[in-house]
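# Per-entry structural report
Each chain is listed here by its residues.
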Amino acid sequence: MEIDTSAYTEEAYELLSELEDSLLELEESPGDQELIGRVFRAMHTIKGSGAMFGFDEVAAFTHEVETVFDMARNGTIRVTKELIDLTLAARDQIRAILDASTGGQASDKVKGQKIIDRLRALVPKGDGSGAPATSAVASSKEKKETKEDLHSYRIRIKPVLELFANGTNPVLLLNELAEMGTCRIVAFYDALPDLSELDPEKCYTSWEVFLTTAADENAIRDVFIFVDDQCELNIRLLDEEENLDQEGGDVKKLGEILVQRGDLSPDALARELKPLGTRLVESGVVSESKIKAALTEQQVVQEKRDRNAKADASASVRVPSSRLDTLVDLVGELVTVQARLTQTSVSLGDHTLVLISEEVERLISELRDNTMSIRMLAIGTTFQKFKRLVRDLSTELGKQMEMTTEGEDTELDKTVIDQLNDPLVHIIRNSIDHGVESPEQRIKVGKPVVGRIHLAAIHSGASVLIRVEDDGKGLDPKLLRTKAIEKGIIAPDAELSDKEAYQLIFGAGFSTAEKITNVSGRGVGMDVVRRSIEALRGTIDVQSELGKGTVITLKLPLTLAIIEGLLVTIGGEYFVLPLAAVEECVELSRQDVERAHGRHVINVRDEIVPYIRIRERFNMTDASPDVEQIVISEVDDKRVGFVVDSVIGQHQTVIKSLGKTFQHSEEFSGATILGDGTVALILDLGKMVRYVEIEQSNEMLAAAT
Amino acid sequence: MGKKIMTVDDSSSVRQMVGLTLKGAGYDVTEGVDGQDALNKLKATQVDMVITDLNMPNMDGITLIKNLRALPQYKFTPIVMLTTESQAGRKQEGKDAGATGWIVKPFKPDQLLGVIAKVLG
């Protein structure tokens, strides 16, 4: 559950000013029990809710002051000017700690300790029995809590049969434990009676949970607070030392010695050697679930030890990335040659040759996958860089931000990762600058003061999705529309869906920022982002809810160098369409064309699909065949057909860039070399659709004037 | 649709505070002014959870819990009672009657939601 800490800080500030008033009044009439009680209650609440909302430092400090004042309340010590001075100083210190925790300057810890020391000095020495003892307990406990080490616990939970009768759902308790850290749960069914005797309203199951967490034992016990009297709860810290003696010496095992002396053959040893668990179960000494629990315990300890041993030393080789690039190029060539080999061997009709070529094909595709995986990098390091960016930007803009990440392990081609940096910087900047509100505004609309930005990377088929989420004010479709009309990007009477309105932010020269800041607002940005993402053959998508936040999703291909393509011909030329976008192929006869009365649409199973005649687009003048093929593809969430002469089939495509001369031919994303040495152009379907749309709207505008 | 929670208290301000908190968190809320009222309403419509005060006119919380546990449709429904610090003894009484858990008054909205998340999921 998200805890809104602003509620606490507000209340705490209020209580602090109340506290100040009460203290000043108390100075006037030091004997007023009512006033002393008020001071005590104010501090009690600050401490109590402070701990609840995670303001541990506030809670710990206030506890000390409260302890002393409790004595004043009991009459153990008298209210003196010194006590009031110190309490006032303490109040300022609490404020400083609060300020620090909400983004202000760090509080002066030395000063805080001095106040506590002097407060403690007020306590009469002879009366060291109650209060100082409790404060000592509290501080030692606090020390334990602040320790950030992870501990592994074994938690045995054995509920009473009647657990369900109180409406308790043990699954929820286990889930709660699971949320505290890494958790493994083993269930025991030993107590389960035969079906005929089983009462479905009773809880026969018990559990052993192995939890590795930063929380301490008390936090674990707290989970079971409501079932305290209905559960046998046994929590034990799994300490490494206990298991050390097992790995201590490298004494040879009996079996190994016997084999070495030639008394036993290795085969016989393997036959006789059964895991201890299996033997114990077979002899009926221990039940199977108990073995399972013990094995899990072993595993948890092992994992913890591994973590401590820093498995970083895993064998890795660093090589210059240029060598990798060369390797990928070579594999690309190999794939091309292999295509030729396949083609030749089939046309020669030599059975032996075909077999060999198939073998080669299999090996090369494995080689290709392996080579590609070498180039894969986890996106985590890129995410890590943004932590600093978010921090610096939010300070610069006077906002408080917190960045969380997810899926750092997700791997992407190195080239993609390298080229992803700038677009992501732009998007994050935009989110912090335009998306997330100022702290004052956030408080006003009841959001946590600290804005949240979340970066996530997720695998999705042959693509990786990268999501940038913020909890800012979201995009306002109305405002976007107005701005777009102002800038003449859309016609004043244009009707836009919200989704189309969001797309406007990717237009060149578009900015809705009221004022231009150092960070953004000059209207260069999102259009550049869109272009660079498309250059990576990716897509970008915006979702937003006004007042709630914005999610920008980048969909990127796993790799740039090799794609699966659909090979087609038009007028004797070869073209490749990216297979990932292709949905189906249908025929287009002359009658279909005539029936549509000149419009480029076709009826596919009662759905009207517009199509683009590639032949016309590229001014290929030769006559089209009687029956053409339409390759229906998904472009920007819409189905669009592309008319070709014939479809040849799937083709593993090594992408070669077209070079400088053709860099303005944006309708092609590259070229590839076919088995017989012919060059085939790779079509960029998204660009083609957009060009046609622009041309058509221009024609319509021209016709209108 | 959110889960349905019945809040039972003779104090309208407590009902209001609990109600606002629950609605804010997306739960559906129905109210009962005392144990008897709640029992009648609960028999008519099924809820996913009950939050009840203990000291109430007509029928107190403990009796309500006992009555609810006797109904088949509320046998396993989470029931949380509102107690004060001075009523430590009644906590046990409530548990024996079949309460799932308790919240000590006064409490913060977050505490309340925390307890609900604990017993209702």
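Bear in mind the structure is a predicted one, so any value in this text is a computation, not a measurement.

This part covers the overall build of chain A. Counting its secondary structure elements, chain A contains 24 helices and 21 strands. Here chain A, with 705 residues, has 27% of them falling under the buried criterion. In chain A, the proportion of contacts linking residues at least 24 apart, taken out of those at least 6 apart, comes to 67%.

The helix and strand tally for chain B stands at five helices and five strands. Taken from the N to the C terminus, the helices and strands of chain B come in the order β-α-β-α-β-α-β-α-β-α. Relative to its full complement of 121 residues, chain B shows a buried share of 40%.

The next subject is the interface of chain B and chain A. Counting from both sides, the interface comprises 18 residues of chain B and, opposite them, 14 residues of chain A. Ranked by residues supplied to the side of chain B that touches chain A, first place goes to helix 5 (residues 109-120) of chain B with seven residues. Taken together, the residues of the side of chain B that touches chain A sort by class into seven nonpolar, seven polar and four charged.

On to the sheet that holds strand 9 (residues 463-470) of chain A, then. All names here are of chain A. What the five strands build is an open sheet, ordered 6-8-9-11-10; its pairing is mixed. In this open sheet, the two strands that pair with only one neighbour each are strand 6 (401-406) and strand 10 (539-545). Put simply, the sheet's adjacent strands are angled 15° from each other on average, direction ignored. Of the pairings in the sheet, the one linking strand 6 to strand 8 (residues 451-460) comprises six bridges and is parallel in character. When the bridges of strand 8 are listed, T404 appears paired with H454.

With that settled, consider the packing of helix 2 (residues 35-44) of chain B against helix 3 (residues 61-70) of chain B. Residues and elements named next belong to chain B. Packing of helix 2 against helix 3 leaves a shortest axis separation of 9 Å and a crossing angle of 20°. Comparing the axis directions of helix 2 and helix 3 gives the class roughly parallel. The hand of the helix 2/helix 3 crossing is right-handed. Of the residues in helix 3, those in contact with G35, A38, L39 and L42 of helix 2 are G61, T63, L64, N67 and L68. A per-class count over the contact of helix 2 with helix 3 returns five nonpolar, four polar and no charged.

Residue and element names in this part refer to chain B. Here chain B shows a mean pLDDT of 85. Residues at 70 or above account for 94%. Model confidence for chain B, summarised as mean pLDDT per element, is weakest for helix 1 (residues 12-24) at 80 and strongest for strand 1 (residues 4-8) at 92. Scored as a whole, the predicted complex attains pTM 0.41, and scored at its interfaces, ipTM 0.86.

For T67 of chain A, the position within the fold is in helix 3 (residues 56-74). In this structure, the C-alpha to C-alpha distance between T67 of chain A and M43 of chain A, residues 24 residues apart in sequence, is 9.8 Å.

Below, the discussion takes up the sheet that holds strand 19 (residues 646-654) of chain A. Residue and element names in this part refer to chain A. As summarised here, the arrangement of the five strands in space is 19-12-13-21-20, forming an open sheet in which the pairing is mixed. At either margin of the open sheet sits one strand with a lone partner, and together these are strand 19 and strand 20 (668-673). The mean angle between the axes of side-by-side strands here comes to 35°, regardless of whether they run parallel or antiparallel. Judged from the five bridges that link them, strand 20 and strand 21 (residues 679-683) form a sheet pairing that is antiparallel. Along strand 21, the bridge assignment pairs G670 with I682. Across the sheet, helix 14 (residues 321-348) lies against strand 12 (562-570), strand 19 and strand 20, angled at about 150° from strand 19, the strand it touches most.

Another aspect to go through is the packing of helix 14 of chain A against helix 15 (residues 351-374) of chain A. Residue and element names in this part refer to chain A. Look at helix 14 against helix 15: their axes get within 9 Å of each other, and the N-to-C directions meet at 160°. Classified by the angle between their axes, helix 14 and helix 15 sit roughly antiparallel to one another. For the pair helix 14 and helix 15, the sense of crossing is left-handed. Within the contact between the two elements, helix 14 uses L324, L327, V328, V331, L334, V335, Q338, L341, T342, S345, V346 and L348 and helix 15 uses L353, V354, S357, V360, E361, I364, L367, R368, T371 and I374. The class makeup of the residues in the contact of helix 14 with helix 15 is 15 nonpolar, five polar and two charged.

Another point: unusual backbone geometry. Glycine aside, negative phi is the norm for most residues, and most peptide bonds take the trans geometry. All names here are of chain A. Positioned with a positive phi, D606 is a non-glycine residue whose angle comes to about 70°. Its place among the elements puts D606 in the loop between strand 15 (601-604) and strand 16 (607-613). Exposure remark for D606: the 5 C-beta atoms within 10 Å place this residue in the exposed category. Within the chain, N619 stands out as a residue other than glycine whose phi angle is a positive 50°. With respect to the element layout, N619 can be found in the loop between helix 23 (614-617) and strand 17 (627-635).

Residue and element names in this part refer to chain A. As defined by bridge partners, strand 8 adjoins strand 9 across eight bridges and the pair is classed as antiparallel. Paired with A456 across the strands is R467, a residue of strand 9. Pairing of strand 9 with strand 11 (residues 549-557) involves eight bridges; the strand directions are antiparallel. Note on strand 11: the bridge partner recorded for I466 is L554.

The next point concerns the nonpolar core. Residues and elements named next belong to chain A. By size, the foremost hydrophobic cluster in this structure holds 35 residues, and its most contacted members are F386, V390, I428, I432 and I453. Among the elements that line this core, the one with the most residues is helix 17 (residues 414-435), at six residues. Beyond its immediate sequence surroundings of up to four residues, I428 is in contact with F386, L389, V390, I453 and V468.

Before going further, it helps to spend a moment on the confidence of the model for chain A. Residue and element names in this part refer to chain A. Looking at chain A, pLDDT values average 79 and 86% of them are 70 or higher. A low-confidence stretch, residues 126-147 (pLDDT under 50), is modelled with 15 contacts involving residues beyond four sequence positions or located in other chains. Considering only residues more than four positions removed or in separate chains, one finds that residues 241-249, a stretch of pLDDT under 50, has one contact.

What follows is about the environment of L19 of chain A. Residue and element names in this part refer to chain A. Inspection of the secondary structure assignment puts L19 in helix 1 (residues 5-28). Sequence separation between L19 and T87 is 68 residues, and the spatial gap between their C-alpha atoms is 9.4 Å. Setting aside residues no more than four positions away along its own chain, L19 makes contact with V39, A42, M43 and R91.

All names here are of chain A. By the burial criterion, the buried members of helix 19 (residues 477-486) are L480, R481, K483 and A484. For helix 19, the angular spread of the buried residues around the axis is 165°, confining them to a single face. For helix 19, the exposed residues lying more than 90 degrees away from the buried face are K478, L479 and E486. Where helix 19 is buried, its residues touch helix 20 (498-503). Downstream of helix 19 by one or two residues, G488 has phi in the positive range, about 70°.

All names here are of chain A. Relative to the helices and strands, I36 is located in helix 2 (residues 33-52). A residue is classified by how many C-beta atoms lie within 10 Å of it, and I36, with 20 of them, is buried. Taking C-alpha positions, I36 is 7.9 Å from F69, a pair spaced 33 residues apart along the chain. Apart from the residues lying within four places of it in its own chain, the contact partners of I36 are L26, A72, R73 and V79.

How each quantity is defined
- Residues numbered from 1 in each chain as written.
- Chains lettered and ligands numbered in written order.
- Predicted model: local features only at pLDDT ≥ 70, side-chain atom pairs only at ≥ 80, totals over all residues.
- Helix = DSSP H or I, 4+ residues; strand = E, 2+ residues; numbered from the N terminus.
- Buried ≥ 20, exposed ≤ 12 C-beta atoms within 10 Å, placed from the backbone.
- Contact = placed C-beta atoms within 7 Å.
- Nonpolar A, V, L, I, M, F, W, Y, C, P; charged D, E, K, R; others polar.
- Pairing = 2+ DSSP bridges.
- Axes fitted to C-alpha atoms, helices over the stretch in contact; angles between N-to-C directions.
- Parallel < 35°, antiparallel > 145°, perpendicular 65-115°, else oblique.
- Left-handed = near helix turned anticlockwise from the far one by under 90°.
- pLDDT = per-residue confidence, 0-100.
- Core = buried A, V, L, I, M, F, W, Y, C linked by C-beta atoms within 7 Å.
- Arc of directions from axis to C-beta.

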